[in-house]
Amino acid sequence: MNKLRLIWKGLIKENPTFVLLLGMCPTLGTTTSAMNGMGMGLATMAVLILSNIVISCVKNIIPDKVRIPSFIVIIASFVTVVQLCMQAYVPELYKTLGVFIPLIVVNCIILGRAEAFASKNGPLDSALDGLGIGLGFTLSLTVIGAVREMLGSGAIFGHRFITGDGMLIFVLAPGAFIVLGYLMVLFNKLTAKQRQ
Amino acid sequence: MEYFIIIIAAIFVNNVVLAQFLGICPFLGVSSKVSTSLGMGAAVTFVMAISSIVVYLLQYYVLVPLGIEYMQTIAFILVIAALVQMVEIILKKVSPALYQALGIFLPLITTNCAVLGVAILLVQKEYNLLESFVFSVSTALGFALALVLFAGLRERLELEDVPQAFRGTPIALITAGILAMAFMGFSGLV
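These numbers come from a predicted model, not from an experiment. (Residues numbered from 1 in each chain as written. Chains lettered and ligands numbered in written order. Predicted model: local features only at pLDDT ≥ 70, side-chain atom pairs only at ≥ 80, totals over all residues. Heavy atoms only, no water.)

> Would you mind going over the overall build of chain A with me for this structure?
Check the secondary structure of chain A and you find eight helices and two strands. From first element to last, N terminus to C terminus, chain A shows the α and β order α-α-α-α-α-α-α-β-β-α. What you see for chain A is a C-alpha radius of gyration of 17 Å, in line with the 16 Å of a compact globule of 196 residues. Across its three principal axes, chain A shows a C-alpha extent of roughly 60 × 50 × 30 Å. For chain A, the accessible surface area stands at approximately 9,100 Å², while carbon and sulfur atoms represent 69% of it. If the 15 positive side-chain charges of chain A are averaged to one point and the 8 negative ones to another, these points end up 7 Å apart. (Helix = DSSP H or I, 4+ residues; strand = E, 2+ residues; numbered from the N terminus. Rg over C-alpha atoms; globule rule 2.2 N^0.38 Å. Areas by Shrake-Rupley, 256 points an atom, 1.4 Å probe, with all protein chains shown as cover. Lys, Arg positive; Asp, Glu negative; His and termini not counted. Charge placed at Lys NZ, Arg CZ, Asp CG, Glu CD.)

Set out below in structure tokens:
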């Protein structure tokens, strides 16, 4: 039960995108379609889970002073692993996500969880925490991507449901800011009711 | 002429924040006042200018000859983190006045994805040393421009009566969207 809560909290209560406002660059940059958003979310989740496990295993060996650089090296190694895997198995997606794959290194969610959770808890809990936060991130990115794709090109996950053109602006840069802004308003509104 | 195109493209057409979505965290985080955003812009320009040269040398004189280009991400992030730390120490000794002005922003830059992003982009675009330098400085100027413009807008926004659910980040994001739309007007320029 407790373990389940660990996963659940990442989805809603500590949702990295809508509540903690972390990892904004990939959130805005890669959500041109639901598929791209989900791909980015899953890649980040993989790095997050793996780095959380390793960091929680070696947390007692690393001296406190060089903690942050060591975390960054561990994270960067897993990013390279994920990068090479994606290049090999999903080259199309790798090309569309482009520079944002290596930039997972500087995604504050990952370093944030390493510092706040993995460096204090055991490997299993850390893995579950990574899974929860990763799922929350994937969910938000997929939702943002789906909304932008629906408005922008009249399709969802590549399946078109209208004929003709959508509102192109939502696929372009300004649409990212505007859609995220309005989704955040919606999220605030819904959770505000829940809190009362 | 070639350099002129790089400069215009990096500042206006492919603005690093509003078109490429790099460095959003400082864009949303330190843009509530024009004065602090000027400081952040200056610090980023300073670090990016130095890091472009260091990264260029690292890529073409260490990684490529050794055949370990796949170490790019790890090598770049370590070098940038070390560089920021070094710049901070040197600045403290050499120019205390400048350190006073930029000091608090420097540690924040390590996690600014714009610095690492530009480093990766300039390798991807296969720029030579001078082009890399020009590209980095003009990208940083584009970052500073977006930051200062946005800070000016947010200062005015503070005084407005914004609906409860929109307060804070949501209205800032929507404003940024409109600013990005304005920047799209530059898209036919180059």
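Moving on from the model shown.
> Which parts of the structure should I look at to understand a nonpolar patch on the surface?
All names here are of chain B. Taken together, the side chains of Y3, I53, L57, Y61, V62, L66, L129, L130 and F133 make up a nonpolar region of the molecular surface, amounting to roughly 810 Å² of accessible area. Broken down by secondary-structure element, the contributors of at least two residues to the nonpolar patch are helix 3 (34–66) and helix 8 (129–157). No other element matches helix 3, which puts five residues into the nonpolar patch. Counting through the fold element by element, L130 comes out in helix 8. (Patch = residues over 30% accessible without salt bridge, like charges linked within 9 Å, V, L, I, M, F, W, Y side chains within 5 Å. Salt bridge = Lys/Arg side-chain N within 4 Å of Asp/Glu carboxyl O.)

> What's the story with the packing of helix 3 of chain B against helix 8 of chain B in this structure? I'm lost.
Describing two packed helices takes the angle between their axes plus the distance from one axis to the other. Residue and element names in this part refer to chain B. Two elements in contact, helix 3 and helix 8, have axes whose closest approach is 8 Å; the angle formed by their N-to-C orientations is 165°. As the angle between them shows, helix 3 and helix 8 are arranged roughly antiparallel. When the axes of helix 3 and helix 8 are compared, the crossing they make is right-handed. In the contact of helix 3 with helix 8, the residues fall into 18 nonpolar, seven polar and one charged. (Axes fitted to C-alpha atoms, helices over the stretch in contact; angles between N-to-C directions. Parallel < 35°, antiparallel > 145°, perpendicular 65-115°, else oblique. Left-handed = near helix turned anticlockwise from the far one by under 90°. Nonpolar A, V, L, I, M, F, W, Y, C, P; charged D, E, K, R; others polar.)

> What is the right way to read the pattern of salt bridges from this model?
When charged atoms on two side chains of opposite charge get close, those side chains can pair. All names here are of chain A. According to the stated counting rule, one finds five salt bridges over all chains in the structure shown. Notably, a salt bridge pairs E115 with R67, separated by 2.8 Å at the nearest N-O pair. Of the two residues, E115 is situated in helix 6 (residues 108–118) and R67 in helix 4 (residues 67–89); the sequence distance between them amounts to 48 residues. When its relative accessible area of 23% is taken as the criterion, R67 is described as partly exposed. Overlapping salt bridges bring together E14, R113 and D129 as one network. (Buried < 20%, exposed > 50% of the residue type's maximum accessible area, 1.4 Å probe, protein only.)

> Whenever I open this one, the interface of chain A and chain B confuses me. Can you help?
Much of the literature gives interface size as the accessible area that the parts lose upon coming together. Counting residues at the interface gives 34 residues for chain A, matched by 33 residues for chain B. Between chain A and chain B, a total of about 2,900 Å² is buried, with carbon and sulfur atoms accounting for 87% of that surface. Put simply, chain A and chain B have zero salt bridges between them. Summed over the shared surface of chain A and chain B, the result is two residue pairs in polar contact (both at pLDDT 80 or more). Within the residue set of the side of chain A that touches chain B, elements represented by two or more residues are helix 2 (24–29), helix 4 and helix 8 (173–195) of chain A. Top element by residues in the side of chain A that touches chain B is helix 8 of chain A. It accounts for twelve residues. Among the residues forming the side of chain A that touches chain B, the class breakdown is 27 nonpolar, six polar and one charged. (Contact = heavy atoms within 4.5 Å. Buried area = accessible area lost by both parts, 1.4 Å probe. Polar contact = N/O pair within 3.5 Å; in protein donor to acceptor, adjacent residues only side chain to side chain.)

> It is not clear to me how the environment of L11 of chain A should be interpreted in this structure. Could you clarify?
Residues and elements named next belong to chain A. Relative to the helices and strands, L11 resides in helix 1 (residues 2–11). Residue classification places L11 among the buried positions, given a relative accessible area of 16%. In the structure, L11 is positioned 126 residues away from F137 in sequence and 7.7 Å away in space, judged by C-alpha atoms. If we skip the residues at most four places from it in the chain, L11 touches G132, L135, G136 and L139.

> What exactly am I supposed to notice about the nonpolar core here?
Note that soluble globular proteins tend to have their nonpolar side chains buried in a common cluster. Counting 103 residues, the largest nonpolar core has F177 of chain A together with L18, I24, F27, F76, I109 and L116 of chain B as the members making the most contacts within it. With ten residues, the single largest contributor to this core is helix 7 (residues 113–124) of chain B. In contact with L18 of chain B, other than residues within four places in its own chain, are A173 and F177 of chain A together with F27, A146, A176, L179, A180 and F183 of chain B. (Core = buried A, V, L, I, M, F, W, Y, C linked by side-chain atoms within 4.5 Å.)

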